[in-house]
Amino acid sequence: MGVDLLNVRGLEAMELQAPVVMVNLMRFRERSLDGDGSGWDAYLRYSALTVPMIKARGGTLLWTGDAKAVALGAEAGNQWDYLALVYYPDVAAFIDMMTSTDYETNCDPHRTNGCAEHVIIATKEAYSKFKVG
């Protein structure tokens, strides 16, 4: 697992200059692969380094939280520990961050150490179109 799994071709098929929200699904290891605490501890180290990189590219964390239960659909294979919604002003900003040397050498090792599985789903940013209230 790592940035080698980045689906650049799929991302480049999207409108590169349009806003995007990335849905992050994470399943943590019991112990970090580097032996430094739990998978959650390694993910916290990853987040501390990654959030400033997201913000530097005009992005922001919209929401994070613990996954509690599958509300609709098959439970098998859909147990996640944590979710995050991350806004980027465009797909190009996400690709730039994920392919940067800083991300690959400083951030991704902590993610790999902490996450048994990490899936990121790119969405067409639409929350502003469907505001409740």
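Scoring rules and cut-offs
Residues numbered from 1 in each chain as written. Predicted model: local features only at pLDDT ≥ 70, side-chain atom pairs only at ≥ 80, totals over all residues. Heavy atoms only, no water. Helix = DSSP H or I, 4+ residues; strand = E, 2+ residues; numbered from the N terminus. Rg over C-alpha atoms; globule rule 2.2 N^0.38 Å. Buried < 20%, exposed > 50% of the residue type's maximum accessible area, 1.4 Å probe, protein only. Contact = heavy atoms within 4.5 Å. Areas by Shrake-Rupley, 256 points an atom, 1.4 Å probe, with all protein chains shown as cover. Lys, Arg positive; Asp, Glu negative; His and termini not counted. Charge placed at Lys NZ, Arg CZ, Asp CG, Glu CD. Pairing = 2+ DSSP bridges. Phe/Tyr/Trp six-rings, centres within 6.5 Å; stacked < 30°, edge-to-face > 60°. Expected span 1.5 Å × (residues − 1). Bend = angle between axes of the 7 residues up to and from the residue. pLDDT = per-residue confidence, 0-100. 1 Å grid on protein atoms, 1.4 Å probe; cavity = no way out; pocket = protein on both sides within 12 Å on 5 of 7 lines; lining within 4 Å. Points joined across faces, edges and corners; volume = space filled by probe spheres on them. Nonpolar A, V, L, I, M, F, W, Y, C, P; charged D, E, K, R; others polar.

Student: Can you break down the overall build of the protein chain residue by residue, with the values?
Tutor: If you tally the helices and strands in the protein chain, you get four helices and four strands. Starting at the N terminus and ending at the C terminus, the protein chain contains elements arranged as α-β-α-β-β-α-α-β. Here the C-alpha atoms of the protein chain give a radius of gyration of 15 Å, agreeing with the 14 Å that 2.2 N^0.38 yields for 133 residues. The principal-axis extent of the C-alpha atoms belonging to the protein chain is close to 45 × 40 × 25 Å. Within the protein chain, the proportion of its 133 residues that are buried is 38%. Excluding contacts between residues fewer than 6 apart, the proportion of contacts in the protein chain whose partners are at least 24 apart in sequence is 79%. Put simply, the protein chain shows about 7,800 Å² of open surface, and 55% of that area lies on carbon and sulfur atoms. Taking the average location of the 12 positive side-chain charges in the protein chain and that of its 17 negative ones, the two points are 5 Å from each other.

Student: Please give an account of the pairing of strand β1 (residues 20-28) that cites residues and values.
Tutor: Of all nine residues that make up β1, seven are buried, and the element is covered over most of its length. Strand direction decides the pairing type here: β1 and strand β3 (residues 82-88), joined by seven bridges, are antiparallel. If you follow Met22 over to β3, its bridge partner there is Val86. Looking at chain direction, β1 and strand β4 (residues 115-124) are connected through nine bridges and run antiparallel. Bridged to Val23 within β4 is Ile121.

Student: Residue-level account of the packing of aromatic side chains, with values.
Tutor: Inspection of the entire model under this criterion finds nine aromatic pairs. Their ring planes at 70° and their centres at 5.1 Å tell us that Trp40 and Tyr82 sit as a pair that is edge-to-face. Taken together, the residues Trp40 in helix α2 (residues 39-56) and Tyr82 in strand β3 connect sequence positions 42 residues apart. Exposure remark for Trp40: the relative accessible area of 32% places this residue in the partly exposed category.

Student: I'd like to hear about helix α4 (residues 101-114), residue by residue, with values.
Tutor: Here α4 is 14 residues long and its end C-alpha atoms lie 20 Å apart, about the 20 Å a rise of 1.5 Å per residue gives. When the local axis directions of α4 are compared, the greatest deviation, roughly 45°, occurs at Cys107, which is followed within four positions by the proline Pro109. Listed as buried for α4 are Tyr103, Cys107, Asp108, His110, Arg111, Thr112, Asn113 and Gly114. Close packing links the buried residues of α4 with β1, α2, α3 (91-98) and β4.

Student: Which residues make up the environment of Arg45, and what are the values?
Tutor: With respect to the helices, strands and loops of the structure, Arg45 is situated in helix α2. On a C-alpha basis, the gap between Arg45 and Cys107 in space is 8.1 Å, while along the polypeptide they are 62 residues apart.

Student: Break down the confidence of the model for the protein chain for me, citing the residues and quoting the values.
Tutor: In the predicted model, the protein chain carries a mean pLDDT of 89, and the fraction of residues at 70 or more is 91%. Within the protein chain, α2 carries the highest mean pLDDT (98), whereas helix α1 (residues 8-12) carries the lowest (81).

Student: Outline the layout of surface pockets, listing residues and values.
Tutor: Computed from the structure, the second largest pocket encloses a volume of approximately 210 Å³. As for the second largest pocket, its lining consists of 21 residues, of which Tyr43, Tyr46, Ile54, Leu61 and Val86 are closest to the centre. Mapped onto the lining of the second largest pocket, the elements with two or more residues apiece are β1, α2, β2 (60-66), β3, α3 and β4. Looking at which element gives the most residues to the lining of the second largest pocket, the answer is α2, with eight residues. The residue inventory of the lining of the second largest pocket, partitioned by class, reads 16 nonpolar, five polar and no charged.

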